[in-house]
Amino acid sequence: MPGVTVGYSTIIQGEGKIVVGKGPVRTGVTAILPRGKAFGPSFAGWYSLNGNGEMTGTTWIEESGFLEGPIMITNTHSVGVVRDSVISWEAENNLVGPHFRDLYWSCRWWRRPGTVS
């Protein structure tokens, strides 16, 4: 679809028996940016298929009807760190939205990435 950017990273390290804190490691993340690397809200909704896993950003989607950031897919234990990394990346790349100071608020548009496992 034009304008949508998708990327992924897979980490596979080590072999053999699992040693906590050392590996082997099998993990990854997929990023879907509905508007590419530009700010632009998209209409959104969400659905819980089976109630398992973790999701962040669903309350904002439910209340506003918009998704203002990327959709990130990862494993359950990485949802928090992926969410935090996306917020940092957005701030570093000035992708936090327009100023609405003259209309309603004296702050930047608030957003939260949709992160799911």
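Here, the structure is the one placed above.
Just so it is clear, the structure is predicted and the values come from calculations on it, not from any experiment. (Residues numbered from 1 in each chain as written. Predicted model: local features only at pLDDT ≥ 70, side-chain atom pairs only at ≥ 80, totals over all residues. Heavy atoms only, no water.)

Trainee: Break down the overall build of the protein for me, citing the residues and quoting the values.
Mentor: Within the protein, the secondary structure is distributed over two helices and seven strands. Each helix (α) and strand (β) of the protein, taken in turn from the N terminus, gives the series β-β-β-β-α-β-β-α-β. For the protein, contacts bridging at least 24 residues in sequence account for 58% of all contacts bridging at least 6. Carbon and sulfur atoms provide 57% of the accessible area of the protein, an area that totals close to 8300 Å². (Helix = DSSP H or I, 4+ residues; strand = E, 2+ residues; numbered from the N terminus. Contact = heavy atoms within 4.5 Å. Areas by Shrake-Rupley, 256 points an atom, 1.4 Å probe, with all protein chains shown as cover.)

Trainee: Could you give an account of unusual backbone geometry, naming the residues involved and the relevant values?
Mentor: Residue P24 follows G23 across a cis peptide bond; omega there is 5°. Turning to its location among the elements, P24 is positioned in the loop between β1 (5–13) and β2 (25–33).

Trainee: I'd like a description of the pairing of β2, backed by residues and values.
Mentor: Across nine bridges, β1 lies against β2 in antiparallel orientation. Bridge assignment links I12 to a residue of β2, and that residue is R26. Relative to strand β6 (residues 71–74), β2 runs antiparallel, the two sharing four bridges. In the strand pairing of β6, T30 is matched with I73. (Pairing = 2+ DSSP bridges.)

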